[in-house]
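As a plain string of letters, each chain reads:
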Amino acid sequence: MKIVHYQTPTELACCYALMRELRFKLKDEAAFVAQAQRQQLQGYRLAGIEQGGKPVALAGYRLLENFIHGRFCYIDDLVTCTSTRSLGLGAALLHGLAQQAREQGCGRIVLDTALSNQRAQQFYQRVGYHALGLHFYRDLAEGENS
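Conventions we followed
Residue indices follow the written sequence of each chain, beginning from 1 at its first position. Two thresholds apply to this predicted model, a pLDDT of at least 70 for residue-level local features and 80 or more for giving and counting side-chain atom pairs, whereas whole-chain, interface and lining totals are computed over all residues. Note that water and hydrogens are dropped before the side-chain values are worked out from all heavy atoms of the structure. At least two DSSP bridges between two strands are required for those strands to pair. For helices the rule is a DSSP run of H or I covering at least 4 residues; for strands it is a run of E covering at least 2, with both sets numbered from the N terminus onward. Note on geometry: axes are C-alpha line fits, over the in-contact stretch for helices, and angles between N-to-C directions span 0 to 180 degrees. Residues are treated as being in contact if the distance between any of their heavy atoms lies within 4.5 Å. Criterion for a salt bridge: a side-chain nitrogen of Lys or Arg within 4 Å of a carboxyl oxygen of Asp or Glu. Each residue gets one of three labels from its accessible area relative to the maximum for its type: buried under 20%, exposed over 50%, partly exposed in between, using a 1.4 Å probe on protein chains only.

K.L.:
Explain the sheet that holds strand E4 (residues 70–80) here, please?
P.N.:
The strands making up a sheet associate through backbone hydrogen bonding, with each pair oriented either parallel or antiparallel. Overall, mixed pairing links the five strands, which are arranged E1-E2-E3-E4-E5 in an open sheet. Edge positions in the open sheet fall to strand E1 (4–6) and strand E5 (108–111), since each of these has one partner strand only. On average, each strand axis in the sheet is tilted by 35 degrees relative to the strand beside it, whichever way the strands run. Looking at chain direction, E4 and E5 are connected through four bridges and run parallel. Looking across to E5, one finds that Ile 75 is bridged to Leu 111. Sheet strands in contact with helix H4 (residues 89–103) are E1, strand E2 (45–51), strand E3 (54–66), E4 and E5, and its direction is about 35 degrees off that of E3.

K.L.:
Before we go on, may I ask you to explain the pattern of salt bridges in this structure?
P.N.:
Opposite charge on two side chains lets them pair, provided their charged atoms get close. One pass over the full model with this rule turns up three salt bridges. For the salt bridge of Glu 21 with Arg 85, the shortest nitrogen-to-oxygen distance reads 3.9 Å. Remark: Arg 85 occurs in the loop between E4 and H4 and Glu 21 occurs in helix H2 (residues 16–22); sequence separation between them is 64 residues. The exposure class assigned to Glu 21 is partly exposed, which follows from its relative accessible area of 29%. Since its relative accessible area comes to 37%, Arg 85 is described here as partly exposed. When the shortest N-O distance is used, the salt bridge between Asp 77 and Arg 23 registers 2.9 Å.

Following this line, the structure appears as structure tokens:
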């Protein structure tokens, strides 16, 4: 399966409906495109697999480097269209990105999923990913004493 990259505002706009299946907080197409463009300035890339000229699987990712993983590919977003789930598109997209990441000198792909998302955890394990740790965060709007 061929992996397509979406870069221009028009190409990004074609991805809005599918990305909204994963990111429910997205309000509208224009806001999605604007945020994707801001993220592109930080190294964000959006790739997908198409059927009939329309994206049916998407992965937002970045090529990064840190002391934990060395040079690695971080998957921000992974979504497959509801109507095409279980056809192997998500696995094919991850496999294709792994090949591209290796070509860019990456030694690992890293992603996060919610502790409550057992279906995603099972999928990632089925396609060769391993749990490494917990991901912690803190909302800064809560203040220091929260």
